[in-house]
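Observations on the model geometry
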Amino acid sequence: MDELTRGFFQAINLILSADPALFEIVWLSLRVSGVALAISTTLGVPIGAALGLSRLRVRGLVTALLYTGMGLPPVVVGLFVYLMLSRSGPFGMLSWLFTSSAMIVAQVIIAFPLVAGLTMAAVQSVDPALRVQVRSLGATRWQELWAVLCETRIGIVAAIVAGFGGIISEVGAVMLVGGNIEGKTRVLTTAIVLNTRTGEFALAIALGVVLLALAFVANVAMLRLQGRT
Amino acid sequence: MSEPIYQIENLKKEYTGRVVVDIERLEIYAGEIFAVVGPSGAGKSTLLRMLNFLETPTSGHIVYRGRTFGKNGDVPLEVRRQATTVFQRPVLLRASVRDNVAYGLRLRGERGDGRVDEFLARVGLDAFARASATKLSGGEMQRVALARALVIEPTVLLLDEPTANLDPYNVGLIEDIVREQNRTRGTTIVLVTHNVFQAKRLAHRVGLMLSGRLIEVSDTSSFFDSPSDARTAAFVRGEMVY
C-alpha cells in the first residue's frame, strides 16, 4: 500500500513537473492512436452508415463479420499484422515492423470494426419515418443521408469514443508490432508494462493516471457533444 | 371550378401482390381542399404518398400540372418540392423548434428568418422558438410540423390524419390554420382523415375510399346530405363500412 501511495505522489510530481520522458510517451500515444482513430473514423462512419441504410442481402453476413471484428483480441491482431509486415510477409518491403506505422495499422484494424459496427447500429435505430419526412420536405438523397447522420450524431460520437477507448488502452498489438522501443514506439500501455516489470512504479502509475485522464476527457467530450452535461 | 392540379388515371399500387390503391380516375383542383375519408387500411395514406411522389405507382400515372409521372418516371426535384406532407405522427429533428421550422428552407439553400418567425407566430409557438422540439407536447409537435410544411410555401399541402389523437384545442387551432392557408394563399390541400366531421368542416369536396377504390367523390354538401352510394350514406352515418 505504501508503494502505491508513494508511487501516486511521485506520479503527481512527474506530471506537474512536465517530465520529458513522460510527455514523450504521452505524445506518441496520442499521435499513434489519433491517426489510427482518424483513419478508422474516415472509413468506419461512411461504411457503417451505408450498411445501416442498405437493404442488401449480404448485409447480414457483413454485419456478422463486423461484430466479430468488434471482439477481435488485440494480441491476435498484433500477431496478424506482425506476420504481414515481417521481412518474409507480403508487406515486408514496407519495413514498417517496429515503427509507429505498424502500430497505426494494428490500431486501425482494432478500431475500424468498433466505429463501423456502432455507427451501423446507430443508423439502424433512426426512425424510418424520418427519411420519408425529410424527403417529403424536399430533401435530395444526400440531404436525406445527412439528416440521418445528424440524427445519429450521439451514436456516432459514441462509436468514435469507443474506438478511441479500444486503441488507447490496448497493449498486446502495439507491443508485438511496435516492439516498445524507447523514443520510437513506446506508448502509454507498453511503458506501463515495462516500468512495472522494472519496479519503476512512480512512472508506471503516472502513465496510468494519464491514461485514465485521457479516457475521462474523451468521455466528457462525448457527453458534451451529446448535449447531456 | 379551377384547373386540375392532379389528374389520376388508372392508378394502382400493389404491395407483394396485394392491391392497396386502385383508382380509375380522380381530379384534384388547384386551390381546393379535397378530403379523402375512409376506414383504416383503405389506401388513403398510400394515395397521399403517391401524390407527394414518395412512392411510385405499380401502374397508371399521375398528371401533375400537365406533366405525367408513372412507375418509371423520375420526378424532378423542383416538382417534388412543390408538395409536402404533414403526417399523423410528427417526426421532428433533434433540434430547436426554430431549426425544425426552418429545415425545409435550409434544404432549398434559403434562410428566410422572417418567414420562420411569421409561421412560428401563426402556430402560436413563437415563445418556444429556442426550445428543444422533441420535448414538446403532441399537439405542439404537430403545430411545429405544420409550420415547417407551410414555411416553404408549398403549392400542395398533403395532410395525413394531422389531428388524430390531438385534444380539441389543438384540433381547432390546426383546422383554422389550414383553412386560412387555403383561403389566403390558395394552397391546394389534400386531407386524409377517418374523421368525417373534420372533412365536413374543412373540405370543398370529399371522396370516400374503401379497399383502395374511390367509391364516391362529390362536393361536401352533396357528399353528406345526398350521397349517391349506399356505402357513403352508411359511412357518414357512422356505421361500420368495409
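Residues numbered from 1 in each chain as written. Chains lettered and ligands numbered in written order. Predicted model: local features only at pLDDT ≥ 70, side-chain atom pairs only at ≥ 80, totals over all residues.

**Side note on the overall build of chain A**
Stated formally: In DSSP terms, a helix is any run of H or I states spanning at least four residues, a strand is any run of E spanning at least two, and both are numbered starting from the N terminus. Residues are called buried when their C-beta atom has 20 or more other C-beta atoms within 10 Å, exposed when it has 12 or fewer, and partly exposed otherwise; all C-beta atoms are positioned from the backbone. C-beta atoms are placed from the backbone for every residue, and two residues are taken to be in contact when these atoms lie within 7 Å.
Of the regular secondary structure elements, chain A holds 11 helices and zero strands. If you list the helices and strands of chain A from N to C, you get α-α-α-α-α-α-α-α-α-α-α. Projected onto the principal axes, the alpha-carbon positions of chain A cover approximately 65 × 50 × 25 Å. In chain A, buried positions account for 41% of the 229 residues. For chain A, the share of sequence-separated contacts (at least 6 apart) that also reach a separation of at least 24 residues comes to 76%.

**Remarks on the environment of Ala 206 of chain A**
Take Ala 206 of chain A: it is sitting in helix α11 (residues 201-226). Residues Ala 206 of chain A and Ala 11 of chain A, 195 residues apart in the sequence, show an inter-C-alpha distance of 4.1 Å.

**Points about the pairing of strand β4 (residues 59-64) of chain B**
Two faces make up the sheet, and in a regular strand the side chains alternate between them. All names here are of chain B. As a reminder, the rule being used: Paired strands are those between which DSSP finds at least two bridges.
Relative to β4, strand β1 (residues 4-15) is paired through five bridges, and the arrangement is antiparallel. Bridging across to β4, Glu 9 finds its partner in His 61. In this sheet, strand β5 (residues 67-69) lies alongside β4 in antiparallel orientation, the contact comprising three bridges. Directly across from Ile 62, in β5, lies its bridge partner Phe 69. Between β4 and β5, which follow one another and run antiparallel, lie two residues, and Arg 65 among them has a positive phi close to 45°.

**So, the sheet that holds β4 of chain B**
Residue and element names in this part refer to chain B. Quick reminder of the rule: Comment: axis = line fitted to C-alpha atoms, over the contacting stretch for helices; angle = value between 0 and 180 degrees taken between N-to-C directions.
Read across the open sheet, the four strands follow the order β2-β1-β4-β5; overall the sheet is antiparallel. Unpaired on one side and paired on the other, β2 (18-29) and β5 mark the two borders of the sheet. Pairs of neighbouring strands in the sheet enclose a mean axial angle of 20°, with direction left out of account. Helix α1 (residues 44-51) contacts β1, β2 and β4 of the sheet and is inclined by roughly 125° relative to β1.

**Some thoughts on the interface of chain B and chain A**
Note the following rule: The residue classification treats Ala, Val, Leu, Ile, Met, Phe, Trp, Tyr, Cys and Pro as nonpolar and Asp, Glu, Lys and Arg as charged. All others, Gly included, are polar.
Chain B puts 18 residues into the contact, and the matching count from chain A is 13 residues. The set of elements that each furnish at least two residues to the side of chain B that touches chain A consists of α2 (77-80), β6 (83-86) and α3 (97-107) of chain B. It is α3 of chain B that provides the largest number of residues to the side of chain B that touches chain A, a total of three residues. Split by residue class, the side of chain B that touches chain A holds eight nonpolar, four polar and six charged.

**Describing helix α6 (residues 128-136) of chain A**
Of all the positions in α6 of chain A, only Gln 133, Val 134, Arg 135 and Ser 136 of chain A are classed as buried. Positioned one or two residues after α6 of chain A, Gly 138 of chain A has a phi angle of 105°, which is positive.

**Let's talk about the sheet that holds strand β7 (residues 156-160) of chain B**
Residues and elements named next belong to chain B. In spatial order, the strands read β6-β7-β8-β3-β9-β10; together these six strands make up an open sheet with mixed pairing. At either margin of the open sheet sits one strand with a lone partner, and together these are β6 and β10 (213-219). Going across the sheet, the axis of each strand differs from the next one's by a mean of 15°, ignoring polarity. Bridge count for strand β3 (residues 33-37) against strand β8 (residues 188-193) is five bridges, and the pairing is parallel. By the bridge assignment for β8, Val 37 is matched with Thr 193. Helix-sheet contacts for α1 involve β3, β6, β7, β8 and β9 (205-210), and the interaxial angle to β8 is about 155°.

**Remarks on the pairing of β3 of chain B**
Residues and elements named next belong to chain B. The element β3 is largely enclosed, with a buried count of five among its five residues. Burial of β3 is two-sided: the residues Ile 33, Ala 35 and Val 37 facing one way and the residues Phe 34 and Val 36 facing the other way are all buried. Note that β3 and β9 share four bridges and pair parallel. Opposite Val 36, over in β9, you have Gly 207 as the bridge partner.

**Structural notes on the nonpolar core**
In plain terms, the rule: One nonpolar core equals one set of buried Ala, Val, Leu, Ile, Met, Phe, Trp, Tyr and Cys residues connected by C-beta atoms within 7 Å.
Among the nonpolar cores identified, the biggest contains 130 residues, and Ala 106 and Val 177 of chain A together with Ala 35, Ala 147, Val 190 and Leu 191 of chain B are the most heavily contacted of them. Contacts of Val 190 of chain B, omitting those with residues within four sequence positions, involve Ile 28, Phe 34, Val 36, Leu 48, Leu 51, Val 156 and Leu 158 of chain B.

**Here we look at the packing of α6 of chain A against helix α7 (residues 141-151) of chain A**
All names here are of chain A. Selection criterion: Orientation labels follow simple angle bins: below 35 degrees gives roughly parallel, above 145 gives roughly antiparallel, 65 to 115 gives roughly perpendicular, and whatever is left gives oblique. Helix crossings fall into two classes, left-handed where the near helix is turned counterclockwise from the far one by less than a right angle and right-handed where it is turned clockwise.
Interaxial distance between α6 and α7 falls to 9 Å at its minimum, and their mutual angle equals 135°. Classified by the angle their axes make, α6 and α7 are oblique. In the packing of α6 onto α7, the handedness of the crossing is right-handed. Contacts between α6 and α7 involve Leu 130, Arg 131, Val 134 and Arg 135 from the former and Gln 143, Glu 144, Ala 147, Val 148 and Glu 151 from the latter. Its residues assigned to classes, the contact of α6 with α7 shows four nonpolar, one polar and four charged.

**Focus: helix α8 (residues 153-168) of chain A**
Heads up, the rule is: Helix span, as expected, comes to 1.5 Å for every residue beyond the first.
The terminal C-alpha atoms of α8 of chain A lie 22 Å apart, and with 16 residues this matches the ideal 22 Å at 1.5 Å per residue to within 8%. Those residues of α8 of chain A not exposed but buried are Gly 155, Ile 156, Ala 158, Ala 159, Ile 160, Val 161, Gly 163, Phe 164, Gly 166, Ile 167 and Ile 168 of chain A.

**Overview of the confidence of the model for chain B**
Put simply, the rule is: For every residue, the predictor states its confidence as a pLDDT score lying anywhere from 0 to 100.
On average, residues of chain B score 94 in pLDDT, and 99% of them are at 70 or above. Of the two predicted TM-score estimates for the complex, the pTM is 0.82 and the ipTM is 0.92.

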